[in-house]
Amino acid sequence: MQARSEATAAWRLRDMAEADLDAVLTIAAGTDLAGLNRDGLRRELQLPFASCQVLAAADGVIGYSIHWVVAGEAEIHAVAVSAGIRRQGAGRLLVESVLERVGRAGATRCQLEVAEENAAGRALYTGLGFCEVGRRRDYYGSGRDSLLFECRIMGSKDSTLPNAEISITMHKSHSAF
Ligand SMILES: CC(C)(COP(=O)(O)OP(=O)(O)OC[C@H]1O[C@@H](n2cnc3c(N)ncnc32)[C@H](O)[C@@H]1OP(=O)(O)O)[C@@H](O)C(=O)NCCC(=O)NCCS
């Protein structure tokens, strides 16, 4: 069996393309992100303020992220990893890359919503310095609240935010292109 470090070192981040949409839809299926269909994804690819990335292994796409930067504020709309690849660092890598990009784009904070019962999503984001700042009742359907998470981007001059600063660093074993 391939060692974890060998497998992850071969992962590559790149911009999402139309040809990736089948893989992206497969990864999203069965998650809270499944509501974004092919047409919605195509629109995301066209939006000037949206960034769509995929994480690719040698045999195909294993994860993706979608975020927006508007008026100095970033929002993560999707981060998902293939079910068979989870708990190997792909989700963290995708979020770290988003944070690096939004920092470079001049965003001072980054927000996202995650279902309250999504323990994996909550742990992923809190582990990267996000703090819970709000709740939307029934956002994902009756009895399914969303939690709003936020982090301040390092270097931001907005010192009024109560949240932890985060460090934007990429794992050295991965590269973005
Ligand atoms: C959330 C998700 C993206 C995490 O991806 P992943 O590749 O498994 O995450 P990583 O391996 O990078 O894990 C990073 C950290 O997140 C936390 N984490 C991830 N999965 C977890 C789980 N099932 N239970 C508890 N903590 C978890 C851990 O702290 C983990 O660090 P560790 O492995 O060193 O303990 C993945 O579970 C997924 O695709 N879920 C469906 C889509 C979704 O819910 N997205 C989030 C909302 S946008």
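Procedures and definitions
- Residues numbered from 1 in each chain as written.
- Predicted model: local features only at pLDDT ≥ 70, side-chain atom pairs only at ≥ 80, totals over all residues.
- Near = placed C-beta within 6 Å.
- Helix = DSSP H or I, 4+ residues; strand = E, 2+ residues; numbered from the N terminus.
- Nonpolar A, V, L, I, M, F, W, Y, C, P; charged D, E, K, R; others polar.
- Core = buried A, V, L, I, M, F, W, Y, C linked by C-beta atoms within 7 Å.
- Buried ≥ 20, exposed ≤ 12 C-beta atoms within 10 Å, placed from the backbone.
- Contact = placed C-beta atoms within 7 Å.
- Pairing = 2+ DSSP bridges.
- Right-handed = clockwise from strand over helix to strand, strands pointing away.
- Arc of directions from axis to C-beta.

Caption draft 1: Broad picture of the site of the ligand. Close contacts around the ligand come from 22 residues, with Arg86, Gly91, Arg92, Gly121 and Ala123 the closest. Here the shell around the ligand takes 6 residues from helix H5 (residues 119–127), the largest share from any one element. The class makeup of the residues in the shell around the ligand is 11 nonpolar, 7 polar and 4 charged.

Caption draft 2: Representation of the nonpolar core in the model. Counting residues in hydrophobic clusters, the biggest one holds 39 residues, and the most contacted among them are Val24, Leu55, Tyr64, Ala90, Leu94, Val102 and Cys110. Going through the elements one at a time, helix H2 (21–28), strand E2 (50–57), strand E3 (60–70), strand E4 (73–81), helix H4 (90–104), strand E5 (109–115) and strand E7 (146–153) are the ones with two or more residues in this core. Among the elements that line this core, the one with the most residues is H4, at 7 residues. Those residues in contact with tyrosine 64 that sit more than four places away from it in its chain are Met16, Val24, Ile27, Cys52, Gln53, Val54, Leu55, Ala78 and Ala80.

Caption draft 3: Structural detail: the pairing of E5. Two strands pair when backbone bridges link them, and E4 and E5 are joined in this way by 4 bridges, in the parallel orientation. When the bridges of E5 are listed, alanine 74 appears paired with cysteine 110. For the crossover from E4 across H4 to E5, the handedness is right-handed. Pairing analysis gives 7 bridges linking E5 to E7, with the strands arranged antiparallel. Paired with glutamine 111 across the two strands is glutamate 150, which belongs to E7.

Caption draft 4: Fine view of H2. Considered for burial, the residues of H2 that qualify are Leu21, Val24 and Ile27. Viewed end-on, H2 has its buried residues packed into an arc of 125 degrees, placing them on one side of the element. Against the buried residues of H2 lie helix H3 (38–46), E2, E3 and E4. Following H2 by one or two positions, glycine 30 adopts a phi angle in the positive range, close to 85 degrees.

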